[in-house]
Amino acid sequence: MSAFLHRYGSEIATLTLEHLWLTGFAMLFATVIAVPAGIFLTRSPRWAKPVIGFANILQTIPSLALFGFLLPLPWLGERAARVAIVALTAYALLPILRNTYAGIRGIDPNVLFVARALGLTPTQRLFKVELPLAASFILAGLRTATVTCVGIATIAAAVGAGGLGELIFRGVASVDNGLILAGAIPAAALALLLDGLLGLLERHFKIPAPDDAP
Amino acid sequence: MPAAIQFRNVSFITSQGRRLLDNISLTVEEGSTTVLLGRSGSGKTTLLRTVNRMVEPTSGDVLLHGQPTRNVDLIALRRGIGYVIQETGLFPHFRAERDVALVLEAQNRPRAERARRSYELLAAVGLDPATFAQRYPHQLSGGQRQRVGLARALAAEPSLLLMDEPFGALDPLTRAEMQDMLRTLLASIHTTALLVTHDLDEALYLGDQIALLQEGKLITCLPPQEFLRSEKPEIQAYIHAFHRGEREARA
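The rules we used
Residues numbered from 1 in each chain as written. Chains lettered and ligands numbered in written order. Predicted model: local features only at pLDDT ≥ 70, side-chain atom pairs only at ≥ 80, totals over all residues. Helix = DSSP H or I, 4+ residues; strand = E, 2+ residues; numbered from the N terminus. Rg over C-alpha atoms; globule rule 2.2 N^0.38 Å. Buried ≥ 20, exposed ≤ 12 C-beta atoms within 10 Å, placed from the backbone. Contact = placed C-beta atoms within 7 Å. Pairing = 2+ DSSP bridges. Axes fitted to C-alpha atoms, helices over the stretch in contact; angles between N-to-C directions. Domains from an automatic or database assignment. Nonpolar A, V, L, I, M, F, W, Y, C, P; charged D, E, K, R; others polar. Parallel < 35°, antiparallel > 145°, perpendicular 65-115°, else oblique. Expected span 1.5 Å × (residues − 1).

Novice: Got a minute to help me understand the overall build of chain B in this structure?
Specialist: Within chain B, the secondary structure is distributed over 12 helices and 10 strands. Since a compact globule built from 251 residues should have a radius of gyration of about 18 Å, the 18 Å found for chain B is in line with a globular shape. Taking the principal axes of its C-alpha atoms as reference, chain B extends roughly 55 × 50 × 40 Å. Looking at chain B residue by residue over its 251 residues, the buried ones come to 45%. In chain B, the proportion of contacts linking residues at least 24 apart, taken out of those at least 6 apart, comes to 68%.

Structural data, given as structure tokens:
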């Protein structure tokens, strides 16, 4: 074990960082796209079905195929990391989009009514009422998306984008279970860690139901 | 001096063609309390909502101090009118202190002023700020929540207070306490109030005049004593529906 760690330890560390970097950027882009899009859909609900449907379709494309599709594209295909980040972003869109939409739509209409009646502007209503009340929902979507992305990012190694998938693919090619585990265990641990951290954040924003009498 | 509120031939028809308000004209004098009384679906809540334009009349005008509300900026209009609703009107993610001062926050008033006003108002509605300012709605009883709602409605020193069945969900004893508190409060701040209720007793206790609505029409508007003496069949029916149990038990 210690010999194994001695041999692969620094490589695992580098690849874990790479893995985090790919996932992190993808989550950042997905959040920047999906949260505003989700808010837009609550304003124009007739778009909700087609847009969420589209995100749904993106989700169903097999990841290896999506990486393959993106590879020949100009600019994108020049760097494997770009391909990986775009693909991961596409997978992260749906949970964030869906939860932002559902989170805001699920707010008690009475509360929104009062916010309007008190004279809050649309922007104030969004930032003081809607987003805080939907925050735990949105974070739950972010959490699902993150865990999915950490998993799918292992496949990004297939197009040469690096990450912990590198060890897994090498292990598969050389029939070396130790090497596969050297990639798989840190990837799983990473997913669990991020899941736990985001779960804590989610609970922090959770709104107690009005009927939970003390 | 123009009246605090004047409804001029106000009608409201829903997009499905239902007539909820039918040509209502009514005047509310400065500093008085007017009760809109009626059974469910009589249009009293809809009429109340035309004042802060949460409902826009299909025809007719609502004037505040002689000024048609449709000419006033919507946000400014609403911030200048206190509004209390029956239940769940509090924001579940705000502590009482923040909720009470929300309108001041929306106006970007300084934090210290907001906190001071919030504490002052919580005390005015009978909640000790030291105990209640930091509580969330789910940590308050129904009556306490309504007190916070009332404090919030008064935060921006509105010249007009709209209350939509504010005590509807409370038990009779808590309700009576709240009515006493409201009466004292209204007398001390000289705010014009418009109160929606279906409770005749509450109407008689709090109102300077009682407007009875039925199926979107204004049946009559009278001071409490005259209301009780009125021979109008709609009023008689309303009076008879009340205290039936008490009458029967005594008989």
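Novice: Got a minute to help me understand the overall build of chain A in this structure?
Specialist: Within chain A, the regular secondary structure consists of 8 helices and 0 strands. Taken over the C-alpha atoms alone, chain A extends approximately 65 × 45 × 20 Å along its principal axes. Counting all 214 residues of chain A, 37% fall into the buried class. Restricting to contacts in chain A with at least 6 residues of sequence separation, those with at least 24 account for 74%.

Novice: How should the pairing of strand 4 (residues 59–64) of chain B be read in this particular structure?
Specialist: It is a general feature of regular strands that their side chains alternate between the two faces of the sheet. Residue and element names in this part refer to chain B. When strand 1 (residues 5–13) meets strand 4, the two strands line up antiparallel, connected through 5 bridges. Across the sheet, residue Q6 finds its bridge partner in strand 4, namely L63. As paired strands, strand 4 and strand 5 (residues 67–68) are joined by 2 bridges and run antiparallel to one another. If you follow L63 over to strand 5, its bridge partner there is P68. Linking strand 4 to strand 5, which pair antiparallel, is a turn of 2 residues; within it H65 sits at a positive phi near 50°.

Novice: Can you help me understand the sheet that holds strand 10 (residues 217–222) of chain B in this one?
Specialist: Either a parallel or an antiparallel arrangement is found when strands of a sheet pair, and the pairing is made through backbone hydrogen bonds. All names here are of chain B. Across the sheet, 6 strands lie side by side as 6-7-8-3-9-10; this open sheet has mixed pairing. Each edge of the sheet is formed by a strand with only one pairing partner; in this case those strands are strand 6 (81–85) and strand 10. Strand-to-strand twist in this sheet, taken as the mean axis angle between neighbours without regard to direction, amounts to 15°. Of the pairings in the sheet, the one linking strand 9 (residues 209–214) to strand 10 comprises 5 bridges and is antiparallel in character. Within strand 10, the position partnered with I210 by the bridge is L222. Against the sheet, helix 7 (residues 142–154) touches strand 6 and strand 7 (160–164), its axis set at about 165° to strand 6.

Novice: Mind showing me how you'd approach the sheet that holds strand 5 of chain B here?
Specialist: Strand order in the open sheet formed by 4 strands is 2-1-4-5 (chain B), with antiparallel pairing between adjacent strands. The two strands at the open ends of the sheet, each matched to only one other strand, are strand 2 (19–28) and strand 5 of chain B.

Novice: I tried to follow the interface of chain B and chain A on my own but got confused; where do I start?
Specialist: Opposite the 19 residues of chain B that make contact, chain A presents 20 residues. Looking at the side of chain B that touches chain A, the elements with two or more residues in it are helix 2 (74–79), strand 6 and helix 4 (102–106) of chain B.

Novice: Looking at this model, I keep getting lost on the domain arrangement of chain B. Mind explaining?
Specialist: Accessible area lost on assembly of the parts is the figure often given for the size of an interface. Residue and element names in this part refer to chain B. Segmentation of chain B into domains returns domain 1 (1–80 + 159–251) and domain 2 (88–157). Using C-alpha coordinates to define each centre, domain 1 is positioned 25 Å away from domain 2. Looking at side-chain class alone, the side of domain 1 that touches domain 2 contains 8 nonpolar, 2 polar and 1 charged residues.

Novice: Just to check I follow, could you spell out the packing of helix 6 (residues 122–152) of chain A against helix 8 (residues 177–205) of chain A for this structure?
Specialist: Two quantities define a packed helix pair, namely the angle between the helix axes and the distance between the axes. Residues and elements named next belong to chain A. The contact between helix 6 and helix 8 brings their axes to 9 Å, and the two run at 175°. Between helix 6 and helix 8, the crossing angle belongs to the class labelled roughly antiparallel. Every residue of helix 8 that contacts helix 6 at A135, S136, L139, A140, L142, R143, T146, V147, V150 and G151 is listed here: A187, L190, A191, L194, D195, L198, G199, L201, E202 and F205. Counted by class, the contact of helix 6 with helix 8 contains 13 nonpolar, 4 polar and 3 charged residues.

Novice: What is the right way to read helix 7 of chain B from this model?
Specialist: Side chains that are three or four residues apart share a direction in an α-helix, a result of its 3.6 residues per turn. Residues and elements named next belong to chain B. For helix 7, with 13 residues, the first-to-last C-alpha span of 19 Å sits near the 18 Å given by 1.5 Å per residue. Of all 13 residues in helix 7, 12 are buried, a share of seventy percent or more. Those residues of helix 7 that sit buried are G143, Q144, R145, Q146, R147, V148, G149, L150, A151, R152, A153 and L154.

Novice: Teacher, can you tell me more about the environment of V196(B) here?
Specialist: Checked against the element boundaries, V196(B) lands in strand 8 (residues 192–197). When sequence neighbours within four positions are dropped, the list of residues in contact with V196(B) reads L36(B), K44(B), T45(B), L48(B), M163(B), D164(B) and E165(B).

Novice: Can you walk me through helix 8 of chain A in this structure?
Specialist: All names here are of chain A. Compared with an ideal rise of 1.5 Å per residue, which puts 29 residues at 42 Å, helix 8 spans 42 Å between its outermost C-alpha atoms and is within 8% of the ideal. Listing the buried residues of helix 8 in full gives L179, A182, G183, A187, L190 and L194. Buried residues along helix 8 sit in contact with helix 1 (2–43), helix 6 and helix 7 (165–173).

Novice: Can you walk me through the pairing of strand 3 (residues 33–37) of chain B in this structure?
Specialist: Residues and elements named next belong to chain B. Counting buried residues in strand 3 gives 5 out of 5 residues, a clear majority hidden from the surface. When strand 3 meets strand 8, the two strands line up parallel, connected through 5 bridges. By the bridge assignment, T34 is partnered in strand 8 with L194. Both strand 3 and strand 9 contribute to a ladder of 4 bridges, which runs parallel. Residue pairing for strand 9: T34 is matched across the bridge by Q209.

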